[in-house]
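Below, each chain spelled out in residue letters.
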Amino acid sequence: PNEPPLVFHWFPFIGSTITYGMDPPRFFKENRAKYGDVFTFILLGKKTTVCLGTQGNEFILNGKIRDVCAEEIYTVLTTPVFGKDVVYDCPNSKLMEQKKFMKVALTTEAFRSYVPIIADEVTTYFKKSPDFKGQSGTVNIPPKLAQITIFTASHALQGKEIRDKFDESLADLYHDLDMGFSPVNFMLHWAPLPWNKRRDHAQRTVAKIYMDTIKARRERGETGSQDIMYHLMNSTYKNGVPVPDHEVAHMMIALLMAGQHSSSSTSSWIMLRLASRPDIMEELYEEQVRSLGADLPPLTYEDLAKLPLNQAIVKETLRLHAPIHSIMRAVKSPMPVPGTKYVIPTSHVLLSAPGVSATDPQYFPNPEVWDPHRWEPDSPNAPSLVRNEQDEEKIDYGYGLVSKGASSPYLPFGAGRHRCIGEQFANVQLQTIVAMIVRMFKFRNVDGSDKVIGTDYASLFSRPLEPAIIYWEKRD
Ligand code: HEM
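Parameters at a glance
- Residues numbered from 1 in each chain as written.
- Predicted model: local features only at pLDDT ≥ 70, side-chain atom pairs only at ≥ 80, totals over all residues.
- Heavy atoms only, no water.
- Helix = DSSP H or I, 4+ residues; strand = E, 2+ residues; numbered from the N terminus.
- Rg over C-alpha atoms; globule rule 2.2 N^0.38 Å.
- Buried < 20%, exposed > 50% of the residue type's maximum accessible area, 1.4 Å probe, protein only.
- Contact = heavy atoms within 4.5 Å.
- Areas by Shrake-Rupley, 256 points an atom, 1.4 Å probe, with all protein chains shown as cover.
- Pairing = 2+ DSSP bridges.
- pLDDT = per-residue confidence, 0-100.
- Arc of directions from axis to C-beta.
- Donors = N, O, S within 2.8 Å, 3.2 Å for Na, K, Ca; no water.
- Axes fitted to C-alpha atoms, helices over the stretch in contact; angles between N-to-C directions.
- Near = heavy atom within 4 Å.
- Polar contact = N/O pair within 3.5 Å; in protein donor to acceptor, adjacent residues only side chain to side chain.
- Nonpolar A, V, L, I, M, F, W, Y, C, P; charged D, E, K, R; others polar.

1. Structural notes on the overall build of the protein
Working step 1: From N to C terminus, the protein includes 17 helices and 14 strands.
Working step 2: Computed over its C-alpha atoms, the radius of gyration of the protein comes to 22 Å, within 12% of the 23 Å expected for a compact globule of 476 residues.
Working step 3: Along the longest, intermediate and shortest principal axes, the C-alpha atoms of the protein span 70 × 60 × 45 Å.
Working step 4: For the protein, the residues scored as buried account for 53% of the 476 residues in total.
Working step 5: The contacts of the protein with a sequence gap of at least 6 include a subset with a gap of at least 24, amounting to 70%.
Working step 6: Counting every atom, the protein has about 21,100 Å² of accessible surface; 57% of that belongs to carbon and sulfur.

So this is what it looks like as structure tokens:
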């Protein structure tokens, strides 16, 4: 009786699965217009309650641990891919400790060392790639950015030894692991299907590569570069148990997988947006010349702060193209929705979609326009009510301080106890990739228009439809 309205559908079980799956943001907006901020739809037989707007974001993302549960939903997909005893294959308190161990390695000092590594990977990639021979050409850009993302992330986060393996065995193995993340696996994760067999084989093989590396490092007594693996190898849980090798290995997989899809999708969108707006790509180039010098010296971590438009490009692209469109939670006790008469029963799943508030005209004038300049204070499109996170009240769930409220309309990295720990790394990685590509290339759409391609929602993380072909030209 006190349940939210149910989205109309013709068939039981299937419910709204198809219309939701084809275009989740459109599904949310259309039903928000019909039913309001809180409504339920049938997703593969499951009553799924969507809570939109800033209050909906707050309700779900800052839900109490006794009310909401992430691991119950995600474990079927993530555990076969990452391996046992990490992330969603353990109690939430253990995940909070693991997030702390991972975050410790993501310091300013570490980022300072990452920028030259990432810049160098980008330059080398384009020098070597047969697709960028000559002065100009056309290319399907997303697969290129996927490679650049994995090369830069693995080199920065896991060291040169692991990075070099991505030229051979690891690339295919990670591809097989990836197949475990297809949405059909929400239902078929257990099935002895060919792609699941490859996933399981890849998980064992990759985990063994990391465990052999850990063993070799320990035997050598290596403290060398204090990278993430080093930090994890030397971390101890609050109960006094040192992190076992298999958990270190599984966290290494989780870190790379968590970042790969979101960063590679975001960098692809950035390049496609720049191809649709060559004038902004020129502005980015001029910004570097003006702020860093006409000779464009090797890029440093400090330089990134001197390039506000370069930063805004990432921020604005994540506003319109957040790779995670749906964040899900199981309901553990009946949850009254504040300000409404609704109570969400434990038989429902909750779904948060912060992308909806990030494209709400109430907060973002001309929300559908990709306008990196809107992040400048005097822009006519400047957002309202997007708070500066530094000024907000903080809370510690066990992995460092995060904003207490989730009421900002702009939350591409989530909020609360499950909030992203990779935000700073992603920013450093993306800003460095963009800055280096801008130094080397001019992009435009093949037909010279300002069109942008549609979104592929068929995989768990949304990304550009392919082929997404752009025209490139080298700068002299
Ligand atoms: C969690 C987005 C990059 C590691 C999250 C969540 C979001 C997100 C929305 C919350 C998920 C939820 O509440 O269920 C993004 C975006 C990225 C990005 C948009 C890039 C543009 C990264 C990178 C790493 C990473 C590079 C690793 C270095 C994690 C981890 C969690 C997380 C460990 C915690 C999961 C949890 O506590 O349940 N991310 N992420 N992410 N992300 Fe990211």
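2. A short note on the pairing of strand S2 (residues 46-51)
Working step 1: In the sheet, strand S1 (residues 38-43) pairs with S2 via 6 bridges, with the strands oriented antiparallel. Across the sheet, Phe39 pairs through a bridge with Val50, a residue of S2.
Working step 2: Taken together, S1 and the strand that follows it, S2, pair antiparallel across an intervening segment of 2 residues, in which Leu44 is found at a positive phi of about 45°.
Working step 3: Note that S2 and strand S8 (residues 349-352) share 4 bridges and pair parallel. Bridge pairing in S8 links Val50 to Leu351.

3. What about the confidence of the model for the protein?
Predicted coordinates in areas of low pLDDT are best not read in detail.
Working step 1: Mean pLDDT over the protein stands at 95; residues scoring 70 or higher make up 100%.
Working step 2: Here the complex is predicted with pTM 0.97, and the ipTM for its interfaces comes to 0.99.

4. Some points on helix H8 (residues 169-179)
Working step 1: All of the buried residues along H8 are Leu170, Leu173, Tyr174, Asp176 and Leu177. Viewed along the axis of H8, the buried residues span an arc of 155°, placing them on a single side of the element.
Working step 2: Each element contacted by the buried residues of H8 is listed here: helix H4 (71-82), helix H7 (141-165), helix H10 (194-219) and helix H12 (245-276).

5. Observations regarding the coordination of the iron atom of the ligand
When four donors bind a metal tetrahedrally, each ideal donor-metal-donor angle is 109.5 degrees, and when six bind octahedrally, the ideal angles are 90 or 180 degrees.
Working step 1: Exactly one donor from the protein chain reaches the iron atom of the ligand: Cys420 (SG), at 2.3 Å.
Working step 2: Mapped onto the elements, Cys420 comes out in the loop between strand S10 (401-403) and helix H17 (423-440).

6. Remarks on unusual backbone geometry
Working step 1: Omega for the bond connecting Glu466 with Pro467 falls within 30 degrees of zero, at 0°, which places this linkage in the cis form.
Working step 2: Mapped onto the elements, Pro467 comes out in the loop between strand S13 (463-464) and strand S14 (469-474).
Working step 3: Within the chain, Asp85 stands out as a residue other than glycine whose phi angle is a positive 70°.
Working step 4: Along the polypeptide, Asp85 turns up in the loop between H4 and helix H5 (92-104).
Working step 5: The backbone of Leu296 shows a phi angle near 45°, a positive value even though the residue is not glycine.
Working step 6: By the secondary structure assignment, Leu296 is in the loop between helix H13 (278-292) and helix H14 (301-305).

7. Description of the sheet that holds S2
Working step 1: Reading across from one edge, S1-S2-S8-S5-S3 is the order of the 5 strands in this open sheet, with mixed pairing throughout. Of all the strands in the sheet, just S1 and strand S3 (68-69) have a single pairing partner and so form its edges.
Working step 2: Sheet topology places S3 next to strand S5 (residues 327-331); 2 bridges connect them, and they run antiparallel. Its bridge partner being in S5, Val68 is matched across the sheet by Val331.
Working step 3: Of the strands in this sheet, S1, S2 and S8 are in contact with helix H2 (residues 24-35), which crosses S1 at around 130°.
Working step 4: Sitting on the sheet, H4 is in contact with S3, S5 and S8, with an inclination near 120° to S5.

8. Focus on the site of the ligand
Working step 1: Taken together, the neighbourhood of the ligand is formed by 26 residues, with Tyr88, Lys99, Arg329, His418 and Cys420 sitting nearest.
Working step 2: Between Lys99 and the ligand, the recorded distance is 2.7 Å, taken from a side-chain N or O atom to an oxygen atom.
Working step 3: With respect to the ligand, the side chain of Arg329 contributes an N or O atom lying 2.7 Å from an oxygen atom.
Working step 4: Going through the elements one at a time, H5, H12, S5 and H17 are the ones with two or more residues in the shell around the ligand.
Working step 5: By residue number, the principal contributor to the shell around the ligand is H12, which donates 6 residues.
Working step 6: For the shell around the ligand, a count of residues per class yields 15 nonpolar, 7 polar and 4 charged.

9. Quick notes on the sheet that holds strand S4 (residues 136-140)
Working step 1: Pairing is antiparallel in the open sheet, where 3 strands are placed in the order S4-S14-S11. The open sheet terminates on both sides in strands that have one partner only, identified here as S4 and strand S11 (441-445). Each strand of the sheet is rotated relative to its neighbour by a mean of 30°, with strand direction disregarded.
Working step 2: Where S4 and S14 come together, 5 bridges link them in antiparallel fashion. Directly across from Asn140, in S14, lies its bridge partner Ile469.
Working step 3: Strand contacts of H12: S11 and S14, with the helix running at about 75° to S11, the strand carrying the most contacts.

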